Amino acid sequence: MPTLPRFDVKKNRIQNPHVVILGAGASIAACPDGDMNGLKLPSLQDVQHATGLDALFKRIEAVEGSLGDGFEAKYSRLVHIGKYLAEIDQINSSVRDYFSRLQLPDRVTPYDIIILGLREKDSIFTFNWDPFLLQALRRCSGVASAPSIHFLHGCVDVSFCSACKVKSNAGIPCPRCGNAMEASKLLFPVANKDYDSDPVIRDEWSALRHALDDAYFVTVFGYSAPVTDVAARKILIDTFSNNRFREMAEIEIIDIRNRDDIEAAWSDFYFSHHYGIFDSFEHSQIYRHFRRSCDAFAMASLQCNPVPENSPSDVSTVKQLKEFAASLFHEERADAKFWEAHVNPFGG
Ligand SMILES: [Zn+2]
């Protein structure tokens, strides 16, 4: 018998978390025409173009021969060669500078919907260096309790106080001890990445393991689980394989790649046919069942009683999105039963 998730039938609520994993594709989807100032959001393969590092790589390749295809392979090779330390420093700081300048456009983006569309019990894990998740958190603050957020490869807008084990926005003193904080390390795409040596990064991965162990719904948005990141793939797959609700849980993958490639990349992750693949964020469970993602999935799959969608499709500004979230948060605080009046007992 599979283990059932923690479902409060009196209130139609799930207590297990919804876990969201974000990759570069999520930021590209948030800014298809560039950020607020038109800066391009590169994929990991294209980082060297956007950050003006093409010439540097060309200069090294004139000596060493091809370093490989795309930023990931080139960077990894450069680290492996071992002697280009000054160049690697230059690449690191160019990438940090570029990503630090990025700003979310004013309009509602998937980042805003993910921040406000999840609840406190839920978690977001991003592989992205860009500051979008924190910018969305700041502009969406003050209306509802937010999910926890974690940075698996570091982030340009995050600082840490290792003494207090606190993370916060870059550029401010530690909110607990008042000392200056350290900038987040950015983990670059090298083969055999070590997620354990830096204590801050290690804590973020430990939070991911903890969340995946208990997750009832997992959304992977724009993260391709590259084969070069062996350690990340192994942690994701091994942890979720041991999730005792896995046979009841659902994975959704939002990715614009070919469906066969996506299925091949994630087949070790999901149980049987318990997955969905979508090419746009508007099809995601968070969008269609805003702040009620796990609960709505339980109503459909455990109770055979699907509930109407509740998406922010009529919302056009961040202010309106906050109002939409506030009304749902009020229902949560009132400890009300979700879907009291408008459920069709025969489904549909
Ligand atoms: Zn401190």
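Bear in mind the structure is a predicted one, so any value in this text is a computation, not a measurement. (Residues numbered from 1 in each chain as written. Predicted model: local features only at pLDDT ≥ 70, side-chain atom pairs only at ≥ 80, totals over all residues. Heavy atoms only, no water.)

Chemist: Hey, could you run me through the overall build of the chain in this one?
Modeler: For the chain, the helix and strand inventory stands at 13 helices and 11 strands. Against the compact-globule benchmark of 20 Å for 348 residues, the chain has a radius of gyration of 21 Å, which places it among compact chains. In terms of its C-alpha atoms, the chain occupies a principal-axis envelope of roughly 70 × 45 × 40 Å. Going through the 348 residues of the chain one by one, you find that 53% of them count as buried. Within the chain, contacts between residues separated by at least 24 positions form 72% of all contacts whose residues are at least 6 apart in sequence. For the chain, the centre of its 37 positive side-chain charges and the centre of its 46 negative side-chain charges are spaced 4 Å apart. (Helix = DSSP H or I, 4+ residues; strand = E, 2+ residues; numbered from the N terminus. Rg over C-alpha atoms; globule rule 2.2 N^0.38 Å. Buried < 20%, exposed > 50% of the residue type's maximum accessible area, 1.4 Å probe, protein only. Contact = heavy atoms within 4.5 Å. Lys, Arg positive; Asp, Glu negative; His and termini not counted. Charge placed at Lys NZ, Arg CZ, Asp CG, Glu CD.)

Chemist: Can you help me understand helix 8 (residues 199–214) in this one?
Modeler: The periodicity of an α-helix, 3.6 residues per turn, causes residues three or four positions apart to be oriented the same way. With 16 residues, helix 8 ought to run about 22 Å at 1.5 Å a step, and its terminal C-alpha atoms sit 23 Å apart, in line with that. For helix 8, the complete set of buried residues consists of Val200, Ile201, Glu204, Trp205, Ala207, Leu208, Ala211, Leu212 and Asp214. (Expected span 1.5 Å × (residues − 1).)

Chemist: Is there a simple way to think about the sheet that holds strand 4 (residues 123–126) in this case?
Modeler: Backbone-to-backbone hydrogen bonds pair the strands of a sheet. The strands run either parallel or antiparallel. A sheet is described by the order of its strands in space; here six strands give the open sequence 5-4-3-9-10-11, paired in parallel fashion. Across the chains shown, the open sheet's two edge strands, defined by having one partner strand only, are strand 5 (148–151) and strand 11 (275–278). Neighbour to neighbour, the strand axes of the sheet diverge by 15° on average, direction disregarded. Sheet topology note: the strand 3 (residues 18–22)/strand 4 ladder contains four bridges and is parallel. Bridge pairing links Val20 to Ile124 in strand 4. Against the sheet, helix 10 (residues 259–266) touches strand 9 (217–221), strand 10 (250–254) and strand 11, its axis set at about 140° to strand 11. (Pairing = 2+ DSSP bridges. Axes fitted to C-alpha atoms, helices over the stretch in contact; angles between N-to-C directions.)

Chemist: How should the sheet that holds strand 7 (residues 166–169) be read in this particular structure?
Modeler: If you walk across this open sheet you meet the three strands as 7-6-8, and the pairing is antiparallel. Each edge of the sheet is formed by a strand with only one pairing partner; in this case those strands are strand 7 and strand 8 (182–183).

Chemist: Please clarify how the coordination of the zinc ion should be interpreted in this entry.
Modeler: Between any two of four tetrahedral donors, the ideal angle at the metal is 109.5 degrees; between two of six octahedral donors, it is 90 or 180 degrees. Cys161 (SG), Cys164 (SG), Cys174 (SG) and Cys177 (SG) make up the full set of protein donors to the zinc ion, lying at 2.3 Å. Every donor residue of the zinc ion comes from the same chain, spaced as C-x2-C-x9-C-x2-C. Each member of the pair, Cys161 as well as Cys164, carries the same accessibility label: buried. (Donors = N, O, S within 2.8 Å, 3.2 Å for Na, K, Ca; no water.)

Chemist: Explanation requested: the environment of Phe240 in the structure shown.
Modeler: Counting through the fold element by element, Phe240 comes out in helix 9 (residues 230–241). Linking Phe240 and Phe271, residues 31 residues apart in sequence, is a C-alpha distance of 9.7 Å. Residues in contact with Phe240, not counting those within four places in the same chain, are Leu212, Ala215, Val218, Arg246, Ala249, Ile251 and Phe269.

Chemist: Sorry if this is basic, but what is going on with the nonpolar core here?
Modeler: Ranked by size, the top nonpolar core spans 59 residues in total, and within it Leu22, Phe71, Ile91, Val95, Tyr111, Ile114 and Ile124 carry the most contacts. The residues contacting Val95, other than those within four sequence positions of it, are Val47, Thr51, Leu53, Phe71, Trp129 and Phe188. Among the nonpolar cores identified, the runner-up in size contains 32 residues, and Leu152, Tyr195, Val218 and Ile251 belong to it. (Core = buried A, V, L, I, M, F, W, Y, C linked by side-chain atoms within 4.5 Å.)

Chemist: Is there a simple way to think about unusual backbone geometry in this case?
Modeler: Leaving glycine aside, a negative phi is the common case for residues, and trans is the common case for peptide bonds. With a phi close to 55°, Asn12 is a non-glycine residue in the positive phi region. Taking relative accessible area as the criterion, Asn12 reaches 7% and is therefore assigned buried. Here Cys304, not a glycine, exhibits a phi torsion of approximately 50°, which is positive. Exposure remark for Cys304: the relative accessible area of 59% places this residue in the exposed category.

Chemist: Looking at this structure, I do not really get the pairing of strand 5. What am I missing?
Modeler: Working note: regular strand, side chains alternate between the two faces of the sheet. Judged from the four bridges that link them, strand 4 and strand 5 form a sheet pairing that is parallel. When the sheet's bridge partners are listed, Phe125 is paired in strand 5 with His150. On the question of chirality, the crossover connecting strand 4 to the parallel strand 5 by way of helix 7 (residues 132–139) is right-handed. (Right-handed = clockwise from strand over helix to strand, strands pointing away.)

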